[in-house]
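Descriptive structure summary
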Amino acid sequence: PALVPDCAYEDLTIQQGEMASIMYLQMLEEADPARRDSLRRDLLEYCRRDTWATVRIWQELCRFAEARGDTG
């Protein structure tokens, strides 16, 4: 959030990587199909945001490098 505040996680059920790992293990062991689907949706939403945040960080770092002339 410090570098790309538009990619915060506060609005998601899963907000941290450690939590995502725990929820993934719970999903694998979950017997109730509805709860398993809910966990899967939450994990996909977290992964979607996390991937987009990585792209946005990369874009910002490229922008900073270009502004400094460090493109090589």
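For the structure, see preceding data.
Values in this document were obtained by computation on a predicted structure and should not be read as measured data.

**A short note on the overall build of the protein**
- Regarding its fold elements, the protein presents two helices and zero strands.
- If one aligns the C-alpha atoms of the protein with their principal axes, the spans along those axes are about 55 × 25 × 15 Å.
- In the protein, which comprises 72 residues, the proportion classed as buried is 22%.
- Total accessible area on the protein is roughly 5,400 Å²; 55% of this is exposed by carbon and sulfur atoms.
- One way to put it: in the protein the 9 positive side-chain charges average out to a point 4 Å from where the 14 negative ones average out.

**Regarding helix α2 (residues 33–68)**
- Under the 1.5 Å per step criterion, the end-to-end length of α2 is 52 Å for 36 residues, consistent within 8% with the ideal 52 Å.
- When α2 is considered as a whole, its buried residues turn out to be Leu39, Leu43, Tyr46, Arg49, Ala53, Arg56 and Glu60.

**Brief notes about the nonpolar core**
- Of all hydrophobic cores here, the largest spans twelve residues; its members are Val4, Cys7, Tyr9, Leu12, Ile14, Ala20, Met23, Met27, Leu39, Leu43, Tyr46 and Ala53.
- Counting residues per element, the ones that place at least two in this core are α1 (17–29) and α2.
- It is α2 that contributes the most residues to this core, four residues altogether.
- Residues contacting leucine 39, with those up to four places away along its chain left out, are Met23, Gln26, Met27 and Glu30.

Reading guide: rules and limits
Residues numbered from 1 in each chain as written. Predicted model: local features only at pLDDT ≥ 70, side-chain atom pairs only at ≥ 80, totals over all residues. Heavy atoms only, no water. Helix = DSSP H or I, 4+ residues; strand = E, 2+ residues; numbered from the N terminus. Buried < 20%, exposed > 50% of the residue type's maximum accessible area, 1.4 Å probe, protein only. Areas by Shrake-Rupley, 256 points an atom, 1.4 Å probe, with all protein chains shown as cover. Lys, Arg positive; Asp, Glu negative; His and termini not counted. Charge placed at Lys NZ, Arg CZ, Asp CG, Glu CD. Expected span 1.5 Å × (residues − 1). Core = buried A, V, L, I, M, F, W, Y, C linked by side-chain atoms within 4.5 Å. Contact = heavy atoms within 4.5 Å.

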